[in-house]
Amino acid sequence: MPERQLITGNEAAAEGAIAGGCRYFFGYPITPQNRIPEYMSEHLPPIGGVYIQAESEVAAINMVYGAAATGAWAMTTSSSPGISLMQEGLSYMIGAELPCVLVNMARGGPGLGNIAPAQSDYWLATRGAGHGDGRCLTFAPFSVQEIYDLVGQAFPIAQKYRNPVMILADAVLASMREPCALRDRLDPPEEKPSWAVGGDQKGRQRNIVNSLWTDPPVMEEVNLRIQQRYREAAQNETRWTEHGADDPEILVCAYGISARICQTAIEHAAEAGVACRLIRPISLFPFPTEVIADWAQRVDKVLVVELSMGQFIEDVRLAVAGACPVELFGRTGGMLVTPEEVAERIIEIA
Amino acid sequence: MAETKLAESVYKRPESLTDVQMRYCPGCTHGIAHRLVAEVLDELGLKERTVAIATVGCSVYAYEYFDTDAVQAAHGRGPAVATGIKRCQPDTIVFTYQGDGDLAAIGLAEVMHAATRAENFTVIFVNNAVFGMTQGQMAPTTLMGQKTTTTPQGRSVEQGGYPLNICELLAQIPGVAYLARETMTSPKRIRQAKRSLKKAFQAQAAGLGFSLVELVSSCPTWWHMKPLEALQWIEDVMLEQYPLKVFVDKLAEGQ
Ligand SMILES: Cc1ncc(C[n+]2csc(CCOP(=O)(O)OP(=O)(O)O)c2C)c(N)n1
Ligand code: SF4
Ligand SMILES: [Mg+2]
């Protein structure tokens, strides 16, 4: 029975995970996402789940690795500095073809930075996942409701592609409060995947979860299998929204919180006589390349708005492939853009 | 007429070990340690509900040798991975197999905190006082004055600080249910080591908490010794820094 509640993005991430079937949480506190582990510590044990406060993010992601190896639906959450520490574990999970869900409520950096909203973990989220040839499947919500929905949906996606899925949001989305329609909590599936370790091993072959392949041809085969899954994910999981003028001069590309600001900005620009269309990628990897490539043929210019100094723009440029000029409007270090500033920039370049 | 017994098997490969050739150097005690763990799993009837966790070091291929479900973990992270498995499946028997570089250097936080949380799994800690796999560099457990490839003049306080005694550290932690230091330098010592390993797994099976058995081990290759000399060096030198002892035994206390 859907029920609407006024909750924060952090609470939406936590409850969305539980509703999606997650019962195992391992994490280490860091602002601005502390409400997630707090919520999990309160809500998981009563329903037979497990909450463990790890000694570090390094340990947390490795606990998730162990949990995932048993076929459990496990997650961790953190914010930028903690996500840096999880890179090793993510690389091992990708190599061992293990699913998990992690949430990054990104904050200003580099270094200890600050606890203000930032999108400067774009590369970390879409290119990262540590060393090697793997990546996280990455989704970027722009509202409390979308955090709730995407976190829940991320679990079956992670299982299907046997790969970590990252939900990339930021300090504003983490702490803002919005009405959110909550679903009943799903139970995780009872049947374990065939590759899972543990339990009663009688009458089956032993299972090994491993990312060590010393023979390069074998390692290449594993990597090609992983790449094949990414191609399938590109077919099935590429998501975006678009709206605005049907015959625009300017295409605006933004994701997450900046896309939300751009919604108002393109209305201001329209009032000033500049027709814009806004494309908001929801999946960052796989990236909605084709739709951006299509529109790039039909506009004069593309404006990329991001809370970083030119990370997301690289994927947009790859999609535009030189079809028209691509301009950046970025703020960094925890600074937000305003709709007025974005509108001004649109008018300036039009 | 009485039947003649042609042959009676008195010694064979434990069921919990696979029939593959191990990659260890001749005379290395990793092989004995594997066999002892496997014998204990057989004798306690745990083979079909055990997950072995191989870590990073010469024993990285342990998942090929133990004939159970297995997970290979990142360097030092075995106890965190074990925590994840055990918390999801409390009835599964879980053990990590870690060298001194893996456990006492890069993985010190993970093992300490697993013990403080009284995680109910078993750690097999193979202390050979060097990083064997990476060609014999100094480990936290390297003895004072010991020559390694990164302490060519011998370990000095200025350069490498002091040896780290893991059991003595862990002995203070209430979450520890069984804790012992053993070695494998003679048949007698090997039998004693096996008794401790068995108790560690029994403590886990009884749900008593964290258990660890340190095995003072040899690395003839990087100690530049013949296998027997290496065993003698353990007796003469290493055991002075790392005395054999049962530090904690909650099984005995419970009796
Ligand atoms: C993150 C990381 N750092 C370094 C290494 C390289 N490395 C592999 S094994 C090892 C040391 C192993 O020593 P120990 O744990 O004592 O095991 P042994 O080989 O002596 O049995 C190191 C440093 C690695 N694999 N991963
Ligand atoms: S290098 Fe040392 S620890 Fe490694 S297998 Fe050889 S003797 Fe054993
Ligand atoms: Mg060693």
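Residues numbered from 1 in each chain as written. Chains lettered and ligands numbered in written order. Predicted model: local features only at pLDDT ≥ 70, side-chain atom pairs only at ≥ 80, totals over all residues. Heavy atoms only, no water.

## Some points on the domain arrangement of chain A
Residues and elements named next belong to chain A.
- You can read the domains of chain A as domain 1 (4-187 + 211-237) and domain 2 (240-349).
- Relative placement of domain 1 and domain 2: their C-alpha centres are 26 Å apart.
- Counting residues at the interface gives 34 residues for domain 1 and 26 residues for domain 2.
- Three residues, Gln-119, Tyr-122 and Phe-142, lead the burial of domain 1 against domain 2; their summed loss comes to 33% of the area buried on that side.
- At the junction of domain 1 and domain 2, the tally comes to three salt bridges. (Domains from an automatic or database assignment. Contact = heavy atoms within 4.5 Å. Buried area = accessible area lost by both parts, 1.4 Å probe. Salt bridge = Lys/Arg side-chain N within 4 Å of Asp/Glu carboxyl O.)

## Topic: the interface of chain A and chain B
- Between chain A and chain B, the contact holds 33 residues from the first and 34 residues from the second.
- Buried surface at the junction of chain A and chain B, both sides included, amounts to about 2600 Å², of which 56% is carbon and sulfur.
- Among the residues chain A hides against chain B, the three largest losses belong to Glu-55, Gln-201 and Arg-206 of chain A. Together they make up 23% of the total.
- Inspection of the chain A/chain B interface yields four salt bridges.
- The shortest N-O distance in the salt bridge between Arg-206 of chain A and Asp-67 of chain B comes to 3.3 Å.
- In this assembly, chain A and chain B are joined by 20 residue pairs in polar contact (both at pLDDT 80 or more).
- Looking at which element gives the most residues to the side of chain A that touches chain B, the answer is helix 3 (residues 57-69) of chain A, with eight residues.
- Among the residues forming the side of chain A that touches chain B, the class breakdown is 17 nonpolar, nine polar and seven charged. (Polar contact = N/O pair within 3.5 Å; in protein donor to acceptor, adjacent residues only side chain to side chain. Helix = DSSP H or I, 4+ residues; strand = E, 2+ residues; numbered from the N terminus. Nonpolar A, V, L, I, M, F, W, Y, C, P; charged D, E, K, R; others polar.)

## Describing the packing of helix 7 (residues 144-161) of chain A against helix 9 (residues 216-237) of chain A
All names here are of chain A.
- As a packed pair, helix 7 and helix 9 sit with axes 10 Å apart at the nearest point and diverge in direction by 145 degrees. Residues Ile-157, Lys-160 and Tyr-161 of helix 7 form the contact with helix 9, whose participating residues are Arg-229, Glu-232, Ala-233, Asn-236 and Glu-237.
- Each residue belonging to the contact of helix 7 with helix 9 can be placed in one class, and the counts come to three nonpolar, one polar and four charged. (Axes fitted to C-alpha atoms, helices over the stretch in contact; angles between N-to-C directions.)

## Focus: the site of ligand 2
Residues and elements named next belong to chain B.
- Near ligand 2, the surroundings consist of Tyr-24, Cys-25, Cys-28, His-30, Cys-58, Asn-128, Gly-132, Cys-219, Pro-220, Thr-221 and Trp-222.
- A total of three residues in the shell around ligand 2 trace back to one element, the largest contributor, which is helix 9 (residues 220-223).
- Taken together, the residues of the shell around ligand 2 break down into seven nonpolar, four polar and no charged. (Near = heavy atom within 4 Å.)

## Here we look at the site of ligand 1
Residues and elements named next belong to chain B.
- Surveying the vicinity of ligand 1 reveals 16 residues, the closest of which are Cys-58, Asp-100, Gly-101, Asp-102 and Gly-132.
- Between ligand 1 and Met-133, the relevant distance is 2.9 Å, taken from an oxygen atom to a main-chain nitrogen or oxygen of the residue.
- Against a free-state accessible area of 590 Å², the protein chains account for coverage of 76% of ligand 1.
- At the level of secondary structure, the elements contributing two or more residues to the shell around ligand 1 comprise helix 4 (100-106) and strand 5 (130-131).
- No other element matches the four residues that helix 4 contributes to the shell around ligand 1.
- Taken together, the residues that form the shell around ligand 1 break down as six nonpolar, eight polar and two charged. (Areas by Shrake-Rupley, 256 points an atom, 1.4 Å probe, with all protein chains shown as cover.)

## Considerations on the pairing of strand 14 (residues 301-306) of chain A
Residue and element names in this part refer to chain A.
- Most of strand 14 sits out of view: five of its six residues are buried.
- Two elements, strand 11 (residues 250-253) and strand 14, share four bridges in a ladder whose sense is parallel. Across the sheet, Val-252 pairs through a bridge with Leu-303, a residue of strand 14.
- Where strand 14 lies against strand 15 (residues 326-330), five bridges are found, and the strand directions are parallel. If you follow Glu-306 over to strand 15, its bridge partner there is Gly-330.
- Note on the crossover from strand 14 through helix 12 (residues 312-320) to strand 15: the handedness is right-handed. (Buried < 20%, exposed > 50% of the residue type's maximum accessible area, 1.4 Å probe, protein only. Pairing = 2+ DSSP bridges. Right-handed = clockwise from strand over helix to strand, strands pointing away.)

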